[in-house]
Amino acid sequence: MNSSPLLKLLSILLISYCYSYFLAKKLPRGMPRLMSMLVVFYAFFRIPRYFPSSILLRGFASFFISWISSFKLILFCFDKGDLTLCHSYIDFVVVAAFPLKINPKFRLSPCHHSSRLRKIVLILTISLIIFFFHDTALIFPTSWIVIFIYLCTKPHTEVIPLLNEPHKSTSLQTFWGKRWNKISSNVLRETIYDPIKTAINPYKDDNNIDGRTKVVALIITLIVSGIMHEIMFYHMSCGMKPTWEVTYFFVLHGICMAFEMVVKRSWVRTLGWSTLHPVISVPLTLGFLLVTSYWLLVLPVWRISGMRCDV
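An unreviewed UniProt entry lists the protein under the name Wax synthase domain-containing protein, with Saponaria officinalis given as the organism. What UniProt states about the protein under its Subcellular location (unreviewed entry) heading is, verbatim, "Membrane". UniProt, in the comment section headed Sequence similarities (unreviewed entry), describes the protein in these words: "Belongs to the wax synthase family."

The following block contains the structure:
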């Protein structure tokens, strides 16, 4: 078994998080801390290359490490986000690397200390995985899932749900904002959407921000989402030149969501009409999603499926 790539990956992650928590944290928040983290962001961008034989793992690493973990660290540079609630290095790694967050209302008590038995079972399970699996492509995701399940039992952590009944979406706004991929939508809201709204109207609260500001922030957020998905495709396709189809997908949906906002404002507030019944709006929303997803997402994935990187 060649465990060298896995050991390199773990070393990069742990050293990067250690640097972020113990050293970068000491710098002033904002640009000084952000500039000091550039080497970490570059390292995270390179991590998917450690899985040359698996397109699934390249996509997995690109999403959770190159994208989500990097964006969490960007928020951390400005003293925002879930990482600011971490009071230990272990919690910092847990929140940065997994779809988890610290419960701010939790107070540690003696009855909440992890039992030694659970830790022993965790160590033995991962040891057996490494012993029996002779492929790094199997060791990494299996170990990640085992650790994630273990962390879900910790009383001071909360799981960030991935989906929230997306089949019940009555609009594109509902689908992207509340029901689909809460992990990325939460991160994008904190890193892109909210800062843009604040930058355009710094003296207004969220309830008083006009629709045009929200539309601009929404479209820019979806453009960033498209670019991050292009980076995922770049990793999955072993560095293939981007076709920008994925970015077009999110730009298209951003424009359509802006159109939705205008129509709702006209129908409900100006004309006094009621919104469409879910019997009509749900099929329209899901139909549009299926058609555009197949055209601009599924077909690009199909073209790169089975691709193996040369190392």
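Chemist: For this particular structure, what's the right way to read the UniProt feature "transmembrane region" (unreviewed entry) in the protein?
Modeler: When the UniProt feature table is mapped onto this chain, "transmembrane region" (unreviewed entry) is found at residues 55–75, 81–100, 121–151, 215–234, 246–263 and 275–298. Structurally, residues 246–263 is divided into 100% helix and 0% strand, and its ends, taken at the C-alpha atoms, are 26 Å apart.

Chemist: Got a minute to help me understand the environment of Leu289 in this structure?
Modeler: With respect to the secondary-structure elements, Leu289 resides in helix H12 (residues 278–304). Sequence-wise, Leu289 and Phe175 are 114 residues apart; in three dimensions their C-alpha atoms are separated by 9.4 Å. Other than its neighbours up to four places away in sequence, Leu289 contacts Leu172, Phe175, Trp176 and His253.

Chemist: How should I be thinking about a nonpolar patch on the surface in this particular structure?
Modeler: On the surface, Trp267, Leu276, Val279, Ile280 and Leu284 cluster together into a nonpolar patch covering about 480 Å² of accessible area. Looking at the nonpolar patch, the element that brings in the most residues is H12, giving 3 residues. Counting through the fold element by element, Ile280 comes out in helix H12.

Chemist: How should unusual backbone geometry be read in this particular structure?
Modeler: Residues apart from glycine generally show negative phi values, whereas peptide bonds are mostly found in trans. With a phi close to 50°, Glu165 is a non-glycine residue in the positive phi region. We classify Glu165 as partly exposed; its relative accessible area is 38%. Residues other than glycine seldom take positive phi values, yet Cys238 does so here, at roughly 60°. Within the element layout of this structure, Cys238 appears in the loop between helix H10 (211–236) and helix H11 (245–270).

Chemist: Is there a simple way to think about the packing of helix H8 (residues 172–179) against helix H9 (residues 182–200) in this case?
Modeler: How two helices sit against one another is set out by the angle between their axes and by the gap between those axes. Two elements in contact, H8 and H9, have axes separated by 7 Å at closest approach and are oriented at 90°. On the basis of their axis angle, the class for H8 and H9 is roughly perpendicular. Contact with H8, carried on its side by Trp176, Gly177 and Lys178, involves Lys182, Ser185 and Arg189 of H9 and no other residues of that element. By residue class, the composition of the contact of H8 with H9 is 1 nonpolar, 2 polar and 3 charged.

Chemist: Sorry, what's going on with H8 here?
Modeler: Owing to its 3.6 residues per turn, the α-helix aligns residues three or four sequence positions apart on the same side. Among the residues of H8, Leu172, Thr174, Phe175, Trp176 and Arg179 are the ones counted as buried. After H8 finishes, the residue Asn181 shows a positive phi value of roughly 45°.

Chemist: When you look at the pattern of salt bridges in this model, what are you seeing that I'm missing?
Modeler: Here the idea is simple: oppositely charged side chains can pair when their charged atoms come close. One pass over the full model with this rule turns up 5 salt bridges. The shortest N-O distance in the salt bridge between Lys168 and Glu165 comes to 3.2 Å. Arg179 is paired through a salt bridge with Glu165; the nearest N and O atoms lie 4.0 Å apart. Taken together, the residues Arg179 in helix H8 and Glu165 in the loop between strand S2 (157–159) and H8 connect sequence positions 14 residues apart.

Cut-offs and rules
- Residues numbered from 1 in each chain as written.
- Predicted model: local features only at pLDDT ≥ 70, side-chain atom pairs only at ≥ 80, totals over all residues.
- Heavy atoms only, no water.
- UniProt positions renumbered as here; feature names shortened; annotations may be inferred.
- Helix = DSSP H or I, 4+ residues; strand = E, 2+ residues; numbered from the N terminus.
- Contact = heavy atoms within 4.5 Å.
- Patch = residues over 30% accessible without salt bridge, like charges linked within 9 Å, V, L, I, M, F, W, Y side chains within 5 Å.
- Areas by Shrake-Rupley, 256 points an atom, 1.4 Å probe, with all protein chains shown as cover.
- Salt bridge = Lys/Arg side-chain N within 4 Å of Asp/Glu carboxyl O.
- Buried < 20%, exposed > 50% of the residue type's maximum accessible area, 1.4 Å probe, protein only.
- Axes fitted to C-alpha atoms, helices over the stretch in contact; angles between N-to-C directions.
- Parallel < 35°, antiparallel > 145°, perpendicular 65-115°, else oblique.
- Nonpolar A, V, L, I, M, F, W, Y, C, P; charged D, E, K, R; others polar.

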